[in-house]
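Letter by letter, the chains look like this.
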Amino acid sequence: MVELKTPGEIEAMAAAGAVVARALAATRAAAAVGVRLGQLDEVARGVLREAGASSPFLGYQPSFAGSPYPGVVCLSVNDAVLHGTPTRYRLRDGDLLSVDCGATLDGWTGDAAISFCIGTTGPADARLLERTEAALTAGIAAAQPGARIGDISAAIGAVARDAGYGLSTDFGGHGVGHTMHESPHIPNDGRPGRGMRLEAGLTVAIEPWFLAGGQDAYRVDDDGWTLRSTDGSRGAHFEHTIAVTDDGPRVLTVC
Ligand code: MF3
Ligand code: CO
């Protein structure tokens, strides 16, 4: 069932979204050569704690995972693209880091992700980052009242295909509200004009993740969480929680 939110509820979700945006900004600011992933999780925890927010990631155990999620952020480095865990790994110059964060404030949740390089950004990474973020922008632009889920999916898929990147329809976007994962599912590829019609009050996370090597396949580490490319190529992931409004899409995960 899809729950539409009132304008007041969307404002409350924007407050949760602002906490997510602040946690991502703080994590990005702290991410430097020699810093351990576990330290970045501590930084994000501090922002959530200060804001009086809880984490929808910590302890989360969906059916695909064999253990509860151990952090408040996902930290995926290089060939890892989604659901990397806060290990003792120390960041190196040129690493590509994806950070995914959620926060629940006053019963409402936000979910967003950014990717960037530590220190030096190589040209291939610059293109991957730019194109993946462009797919998020295109997906958001397609989230107009009266459009359909397939319009968002198709907009994302077209960017990946034009760029020659690998794309999976697993782990795409999703409804967000009282909980992190609600209906509808938003695959990262699809056909325009298909699927559920978008109405004002719909709140969803849109989250393209692309693999530079061009292969669609991925594998999951023994930890049951970390998703990696199968060819060792790098991945990038960008996400925002948005509301469909009568005036068009509104991004909620901003400060
Ligand atoms: N943005 C990710 C998603 O929607 C968040 C995963 S949270 C985790 O799947 F707890 F499962 F890691
Ligand atoms: Co999400």
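Quick caveat, the model's predicted, so the values are computed rather than measured.

Moving on, we get to the side chain of Ser 168. You can see Ser 168 is positioned in the loop between strand E5 (166–167) and strand E6 (173–175). Judged by relative accessible area, Ser 168 falls into the buried class, the value being 8%. Among the polar contacts made by the side chain of Ser 168, one reaches the main-chain amide nitrogen of Asp 170 at a distance of 3.0 Å. Sequence-distant contacts of Ser 168, that is, excluding residues within four places in its chain, are made with Asn 188, Trp 209, Asp 216 and Tyr 218.

UniProt tags residues 11–246 as "domain: Peptidase M24" (unreviewed entry). Within the segment residues 11–246, helix and strand shares are 29% and 25% respectively, and the terminal C-alpha atoms sit 15 Å apart.

Before going further, it helps to spend a moment on the packing of helix H3 (residues 123–141) against helix H4 (residues 149–163). For the pair H3 and H4, the least separation of the axes is 8 Å and the interaxial angle reads 160°. Put simply, H3 runs roughly antiparallel to H4. As H3 runs across H4, the sense of the crossing is right-handed. Contacts between H3 and H4 involve Arg 127, Arg 131, Ala 135, Ala 138 and Gly 139 from the former and Ile 152, Ala 155, Ile 156, Val 159 and Ala 163 from the latter. Along the lines of polarity and charge, the residues of the contact of H3 with H4 split into seven nonpolar, one polar and two charged.

Once that is clear, we can look at the site of ligand 1. Contacts to ligand 1 come from 13 residues, most closely from Asp 100, His 174, His 181, Glu 207 and Glu 239. One of the side-chain nitrogen or oxygen atoms of Glu 207 is found 2.9 Å away from an oxygen atom of ligand 1. Between Glu 239 and ligand 1, the recorded distance is 2.9 Å, taken from a side-chain N or O atom to a nitrogen atom. Protein chains bury 96% of the 330 Å² of accessible surface belonging to ligand 1 in isolation. Its atoms largely coinciding with the cavity grid, ligand 1 occupies the largest pocket.

Turning to the layout of surface pockets, a few remarks are in order. In this structure, the largest pocket encloses a volume near 380 Å³. Of all elements in the fold, only E6 and strand E7 (182–186) reach the threshold of two or more residues within the lining of the largest pocket. With three residues, E7 is the single largest residue contributor to the lining of the largest pocket. Residues belonging to the lining of the largest pocket are distributed by class as follows: eleven nonpolar, eight polar and four charged.

Distances from the cobalt ion (ligand 2) to its protein donors, Asp 111 (OD), His 174 (NE2), Glu 207 (OE) and Glu 239 (OE), fall at 2.1 to 2.2 Å. Here the cobalt ion (ligand 2) is ringed by six donor atoms whose angles at the metal span 71 to 166°, and the overall shape comes out irregular. Read N to C, the donor residues that coordinate the cobalt ion (ligand 2) are spaced as D-x62-H-x32-E-x31-E. Of this pair, Asp 111 sits in strand E4 (residues 108–117) while His 174 is found in strand E6, placing the two residues 63 residues apart along the sequence. Pair check on accessibility: Asp 111 and His 174 agree, each one buried.

Let us look at the pattern of salt bridges. With the rule as written, the count across this model stands at nine salt bridges. With its nearest N and O atoms 2.6 Å apart, the salt bridge here joins Asp 125 to Arg 234. Taken together, the positions of Asp 125 in helix H3 and Arg 234 in the loop between strand E11 (227–229) and strand E12 (235–237) put the pair 109 residues apart, joining distant regions of the chain. The exposure class assigned to Asp 125 is buried, which follows from its relative accessible area of 10%. The exposure class of Arg 234 is partly exposed, given its relative accessible area of 23%. A salt bridge links Arg 131 to Glu 130; the nearest nitrogen and oxygen atoms lie 2.8 Å apart. Because the salt bridges share partners, they merge into one network encompassing Asp 79, Arg 219, Asp 221 and Arg 228.

This part takes up the sheet that holds strand E13 (residues 240–245). Strand order in the open sheet made by the five strands is E7-E6-E8-E13-E14, with antiparallel pairing throughout. Each end of this open sheet is capped by a strand with a single partner; those strands are E7 and strand E14 (248–251). Ignoring strand direction, the axes of neighbouring strands in this sheet form an average angle of 30°. Looking at chain direction, strand E8 (residues 203–206) and E13 are connected through four bridges and run antiparallel. Residue pairing in the sheet places Val 204 in a bridge with Ile 242 of E13.

About the criteria used
Residues numbered from 1 in each chain as written. Chains lettered and ligands numbered in written order. Predicted model: local features only at pLDDT ≥ 70, side-chain atom pairs only at ≥ 80, totals over all residues. Heavy atoms only, no water. Helix = DSSP H or I, 4+ residues; strand = E, 2+ residues; numbered from the N terminus. Buried < 20%, exposed > 50% of the residue type's maximum accessible area, 1.4 Å probe, protein only. Polar contact = N/O pair within 3.5 Å; in protein donor to acceptor, adjacent residues only side chain to side chain. Contact = heavy atoms within 4.5 Å. UniProt positions renumbered as here; feature names shortened; annotations may be inferred. Axes fitted to C-alpha atoms, helices over the stretch in contact; angles between N-to-C directions. Parallel < 35°, antiparallel > 145°, perpendicular 65-115°, else oblique. Left-handed = near helix turned anticlockwise from the far one by under 90°. Nonpolar A, V, L, I, M, F, W, Y, C, P; charged D, E, K, R; others polar. Near = heavy atom within 4 Å. Areas by Shrake-Rupley, 256 points an atom, 1.4 Å probe, with all protein chains shown as cover. 1 Å grid on protein atoms, 1.4 Å probe; cavity = no way out; pocket = protein on both sides within 12 Å on 5 of 7 lines; lining within 4 Å. Sits in = over half its atoms within 2 Å of the grid points. Points joined across faces, edges and corners; volume = space filled by probe spheres on them. Donors = N, O, S within 2.8 Å, 3.2 Å for Na, K, Ca; no water. Tetrahedral: all angles 85-135°; square planar, octahedral: opposite > 155°, others 65-115°. Salt bridge = Lys/Arg side-chain N within 4 Å of Asp/Glu carboxyl O. Pairing = 2+ DSSP bridges.

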